[in-house]
Amino acid sequence: MNSKVGGLSNGSAIWLSVQDYYYDTLGKIYVETLHHEFSSCIFKRVDKLLRQEWLSFSKIYKKTLEYFTFCLDYPDACSGATAEALNDGLLSLYSLTDEENDFNIYAETLFTDPKSIKENAKKYPAVAKKLEIFKKFYKKLGFVGKFPDET
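Right, let's walk through the structure included here. (Residues numbered from 1 in each chain as written. Predicted model: local features only at pLDDT ≥ 70, side-chain atom pairs only at ≥ 80, totals over all residues. Heavy atoms only, no water.)

1. Notes on unusual backbone geometry
- Phi is positive for K63, which is not a glycine, with a value near 50 degrees.
- Tracing the backbone shows K63 in the loop between α2 (48-55) and α3 (65-73). (Helix = DSSP H or I, 4+ residues; strand = E, 2+ residues; numbered from the N terminus.)

So this is what it looks like as structure tokens:
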């Protein structure tokens with residue numbers, strides 16, 4: 001795996017692996033990964049009815065081990081998004097791996113780069129819709145207040 005930080009969540013615990021703490025952007029990557037894995041806990045705990053709203057986008061996911069492994073081996077190739085991906089509501093090509101990772105990319109982007117998600121939501125209706133659904137997940141589990149893109 002070529003990534004400096006990796007993570008895993010089973011829905012109640014989070015594990016992070018840090019390969020190179022002195023990497024210049026590690027602080028940002030670490031925080032993104034923490035949000036990414038924390039949101040897995042949220043995704044797995046919300047009722048099926050709300051999760052079904054997110055799954056309505058499921059026809060776009062690749063869901064293959066080969067694509068997932070490719071993204072882990074070549075994170076730079078999967079970190080950005082094309083206009084086509086954004087039209088489908090995907091904030092990165094890694095989001096194509098499955099609906100949970102797609103949800104997690106929304107978390108890491110909203111909480112670490114709210115300006116970019118706000119701009120993409122204005123430009124791409126599918127991003128705006130998924131952002132709305134994403135916020136419902138967090139509110140359902142007790143989030144109170146404004147999200148970073150709302151300030």
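2. Overview of the state of the cysteines
- Per the counting criterion, the structure on display carries one disulfide.
- Between the sulfur of C71 and that of C78 lies a disulfide, 2.3 Å long from S to S. Given an S-S torsion of about -75 degrees, the disulfide between C71 and C78 has left-handed geometry. The pair C71 / C78 is uniform in exposure class, with both members buried. (Disulfide = S-S within 2.5 Å. Buried < 20%, exposed > 50% of the residue type's maximum accessible area, 1.4 Å probe, protein only.)

3. Considering the environment of L90
- Relative to the helices and strands, L90 is located in the loop between α5 (83-87) and α6 (99-112).
- A C-alpha to C-alpha distance of 9.0 Å links L90 and K130, two positions 40 residues apart in sequence.
- Excluding residues within four positions of it along the chain, L90 makes contact with I60, Y61, A81, A85, S95, L96, D102 and K130. (Contact = heavy atoms within 4.5 Å.)

4. A closer look at the packing of α6 against helix α8 (residues 125-140)
- Taken N-terminus to C-terminus, the directions of α6 and α8 make an angle of 90 degrees; their axes are 10 Å apart at the nearest point. Compared by their axis directions, α6 and α8 come out roughly perpendicular. Seen from α6, the contacting residues are D102, F103, Y106, A107, L110 and F111; seen from α8, they are A126, V127, K130, L131, F134, F137 and Y138.
- Partitioning the contact of α6 with α8 into residue classes produces 11 nonpolar, no polar and two charged. (Axes fitted to C-alpha atoms, helices over the stretch in contact; angles between N-to-C directions. Parallel < 35°, antiparallel > 145°, perpendicular 65-115°, else oblique. Nonpolar A, V, L, I, M, F, W, Y, C, P; charged D, E, K, R; others polar.)

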